[in-house]
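Survey of secondary and tertiary structure
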Amino acid sequence: MVKKAHLVTGKGGVGKSLISGVLAHYLSLQNQQIILTELTEQSFFKDFLNLPEINYKPSPWLPHISVCQWSPEDCLKEYALHLIKIESLYKLFFENPLSKSLIQVAPGLYELAILGKITSSPRHHGPKMIGDQLVIDSYSTGHFLSLLRAPHAMAEAIKFGPMGEQSRGIDKWLRNPDFTEVHLVTLAEELPVTETIELALQLQSEFGIQSKIYLNKLLQLTPADLEKIPPAASDIFYPVAEQEKLFAHQLQKTGLPVFQLPLVTSTEVLPIIRSLSTALTQQKQHEIRA
Amino acid sequence: MINKLPQTKTIICIGTGGVGKTTLAASMAVGWAQQGLKVLVLTIDPSQRLAQTLGIRADGELHRVQLDLPTPSNQGELWSCVINHKKAFETFIKTAAQKSKHANTTTGTSEAELEKLLNNRLYQQLSGKLSGSQEFTSLITLYQHVSSEKFDLVILDTPPSQHTWNFLKAPEKIALLFNEGVTQWFRDISSHQVGFLQKVMNIGATQVLKILETLTGSEFMKELSAFFKAIQNWQSPLETYVMNCHRLLVSPQTEFILVTTLDPSRLNEAYKLSREIKTQGYQLTTVVINRVPNWLAVKFSTDSQRLNELTSYYRDLEKNLQKRLTQFKTQLKVYKCFDLRQNSEDVRSLQKNFDQLQLVE
């Protein structure tokens, strides 16, 4: 039974998928069974994590971590099958070429199906999931709010019937801090930092969600390193070091926890994940002590 | 500097998020305007700095950008526009309404009907409130400006999306929505003509509607039905419009430029994308490897471990690129663009960015 869902978001290109992997790795070290999932139609994890295959059903990746891909379509299928129950009727619906366009015009339906799947354990709805925590490589910041808003919007639009009922249930669990955690990934650059702060504030005011922030790919040059920069390269490294300091400070002003993760100088994904997971463990312990 | 095909009238920059598409699109616009062309650059989400440079707000209006460069008299013009999705969709709907008026003067769409449609919840969702149809609105905005023939060249910076396919498939998806069959199903639901409805529809369609109602509830179905009733007269002009958008994408006068970075997983994605895109018949000519650290060329030695780590890391990435190049270069021109870490994005620095683009040998 899934007791916690971690939603990972950030502006495109900041390293959401990597940090999702890092988070899954970090959580798995705490004796927890983790399901790591992505919400795309075309898998990113398959190539990125070098998996032989990726499916709707989780398949093992590292010890205590399994990986899966939840395309909106698959989630909706599962939801529909659960509701309709009769296989032939369901086939008639989903194998009809026109149905696809109908689903596309029914706004919020995909979002609802995905969030329905994510919250299915605490709502005791749908097939059982084997795992303690979910890590979801979610949509980028632009689409993230519309994802989270879908259940409430749907509940407003449809006050009665099974769908209205379920939408309210999903919305409730999204706002429950014991179940839902949101992780915002950013780089030390203007646009992603601005988007992160805006989203963090919005999540706080609209959903009461206290997000966690991850500042990714930092060069993390120490004052000693900076002193050793040869003059030929000083134009390059000084501004970067300053930006990193400036944006870390800006993010910390939100009062939310900010984890600072270095650019790991490896070209292989697994060593990067392991190294960042260690960095995260140290900073989380520090945060708990503080 | 980067070269385009002589016949090219439209350039579409594609690539995953965070690779610097927007700045590159703006740099190319400045570069080519400087060479004497009248260029329009359409962007989605410019940084504050870039917006200041181009003097633009997200209002969907065209803005003339002063080039202000010490150059000969034959300089072109630079125009810019940030796509306003809501407005673009509204324009699209209104154009369709007007066209249907011309086609059929007796049942043309009245202002009141149009107003009703614009207030329809489904329409509001469609125009970007929930699921977002940025891909489609970018495309219709592009089509609108290319077909106006006011510019020698229109450059589009595509919206950040999970996959470039979302953009390329936009016409197809919208065409499905206005599909004759679907529209017909819904016309009569709200008018309670059950007998008629049953007559025209086969059993399968009835079942499908029933299931959809189970999934969404009857209120939603009413909205859906009202929406399709409202657009029934516009179907054919809308279909033509969508068709034209698709034609623009596959036109020989349209060139795709794929932007990526040195990051190995990005390069891998870019390679896969370039192959898919070619197979589908879009004219992809160029790959730009963006944000290449320019300090790699600087020879220095230091006893800082971190600096040495970083340097050898980026050198490894460059080696990795060399391996990839043989794959890319069979059919494409590959350019690299150095990360100048410029603190401003004024016209001069955009021009500098354009000038330093170099063909990878």
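Every value quoted in this text rests on a predicted model; they were computed, and no experiment measured them.

**Digging into the overall build of chain A**
- A tally of regular secondary structure across chain A gives 13 helices and 8 strands.
- Across chain A, the fraction of contacts at a sequence separation of at least 24, relative to all contacts at a separation of at least 6, is 70%.

**Describing the environment of alanine 51 of chain B**
Residue and element names in this part refer to chain B.
- Relative to the elements of secondary structure, alanine 51 occurs in helix α2 (residues 48-54).
- A residue is classified by how many C-beta atoms lie within 10 Å of it, and alanine 51, with 17 of them, is partly exposed.
- Sequence separation between alanine 51 and serine 80 is 29 residues; the distance between their C-alpha atoms is 9.5 Å.
- Beyond its immediate stretch of four places on either side in the chain, alanine 51 contacts Pro46 and Ile56.

**What about the domain arrangement of chain B?**
Residue and element names in this part refer to chain B.
- Domain annotation for chain B reports domain 1 (10-84 + 137-164 + 252-359) and domain 2 (86-133 + 170-241).
- Tallying the contact residues gives 7 residues for domain 1 and 8 residues for domain 2.
- Its residues assigned to classes, the side of domain 1 that touches domain 2 shows 3 nonpolar, 4 polar and no charged.

**Some points on helix α6 (residues 134-147) of chain B**
Residue and element names in this part refer to chain B.
- If you check α6, its first and last C-alpha atoms are 20 Å apart, about what 14 residues at 1.5 Å a residue would give, namely 20 Å.
- For α6, a buried count of 11 out of 14 residues is recorded, marking the element as mostly surrounded by other parts of the structure.
- One or two residues past the end of α6 sits glutamate 149, with phi positive at roughly 55°.

**Brief notes about the packing of helix α14 (residues 264-279) of chain B against helix α15 (residues 305-328) of chain B**
Residue and element names in this part refer to chain B.
- With their axes 11 Å apart at the nearest point, α14 and α15 run at an angle of 0° to one another. In terms of orientation, α14 and α15 fall into the roughly parallel class. The segment α14 lies against α15, with Pro264, Leu267, Tyr271 and Ser274 engaging Asn320, Leu321, Arg324, Gln327 and Phe328.
- Residue composition of the contact of α14 with α15, by class: 5 nonpolar, 3 polar and 1 charged.

**Overview of the sheet that holds strand β2 (residues 34-38) of chain A**
All names here are of chain A.
- The mixed open sheet is built from 8 strands, whose spatial order is β3-β4-β2-β5-β1-β6-β7-β8. For this open sheet the edge positions go to β3 (59-62) and β8 (258-262), each flanked by a neighbour on one side alone. Across this sheet, the average inter-strand angle for adjacent strands is 25°, counted without regard to direction.
- The pairing of strand β1 (residues 4-10) with strand β5 (residues 133-137) spans 5 bridges and is parallel. Counterpart to leucine 7 in the pairing with β5 is isoleucine 136.

**Some details on the sheet that holds strand β3 (residues 63-65) of chain B**
Residue and element names in this part refer to chain B.
- One open sheet holds the 9 strands; their spatial order is β3-β4-β2-β5-β1-β6-β7-β8-β9, and the pairing between them is mixed. The sheet is open, and its two borders are formed by β3 and β9 (358-359), each paired with just one other strand.
- Bridging between strand β7 (residues 284-293) and strand β8 (residues 333-339) involves 6 bridges; their strand directions are parallel. Bridging across to β8, isoleucine 289 finds its partner in lysine 336.
- Seen against the sheet, helix α1 (residues 21-34) touches β1 (10-14), β2 (38-43), β4 (77-82), β5 (153-157), β6 (254-261), β7 and β8 and runs at an angle of roughly 170° to β2.

**Topic: the nonpolar core**
- Among the nonpolar cores identified, the biggest contains 74 residues, and Cys13, Ala29, Val39, Leu42, Val154, Ile155 and Leu258 of chain B are the most heavily contacted of them.
- For this core, the element with the most residues is α1 of chain B, which contributes 8 residues.
- Of the domains in this structure, domain 1 (10-84 + 137-164 + 252-359) and domain 2 (86-133 + 170-241) of chain B are the two that each give at least three residues to this core.
- With near-sequence residues (within four places) excluded, isoleucine 155 of chain B lies in contact with Ile11, Cys13, Ala25, Met28, Ala29, Val39, Val41 and Leu42 of chain B.
- Ala5, Ile19, Ile35 and Ala113 of chain A belong to the second largest nonpolar core, which has 71 residues in total.

Reading the values: the criteria
- Residues numbered from 1 in each chain as written.
- Chains lettered and ligands numbered in written order.
- Predicted model: local features only at pLDDT ≥ 70, side-chain atom pairs only at ≥ 80, totals over all residues.
- Helix = DSSP H or I, 4+ residues; strand = E, 2+ residues; numbered from the N terminus.
- Contact = placed C-beta atoms within 7 Å.
- Buried ≥ 20, exposed ≤ 12 C-beta atoms within 10 Å, placed from the backbone.
- Domains from an automatic or database assignment.
- Nonpolar A, V, L, I, M, F, W, Y, C, P; charged D, E, K, R; others polar.
- Expected span 1.5 Å × (residues − 1).
- Axes fitted to C-alpha atoms, helices over the stretch in contact; angles between N-to-C directions.
- Parallel < 35°, antiparallel > 145°, perpendicular 65-115°, else oblique.
- Pairing = 2+ DSSP bridges.
- Core = buried A, V, L, I, M, F, W, Y, C linked by C-beta atoms within 7 Å.

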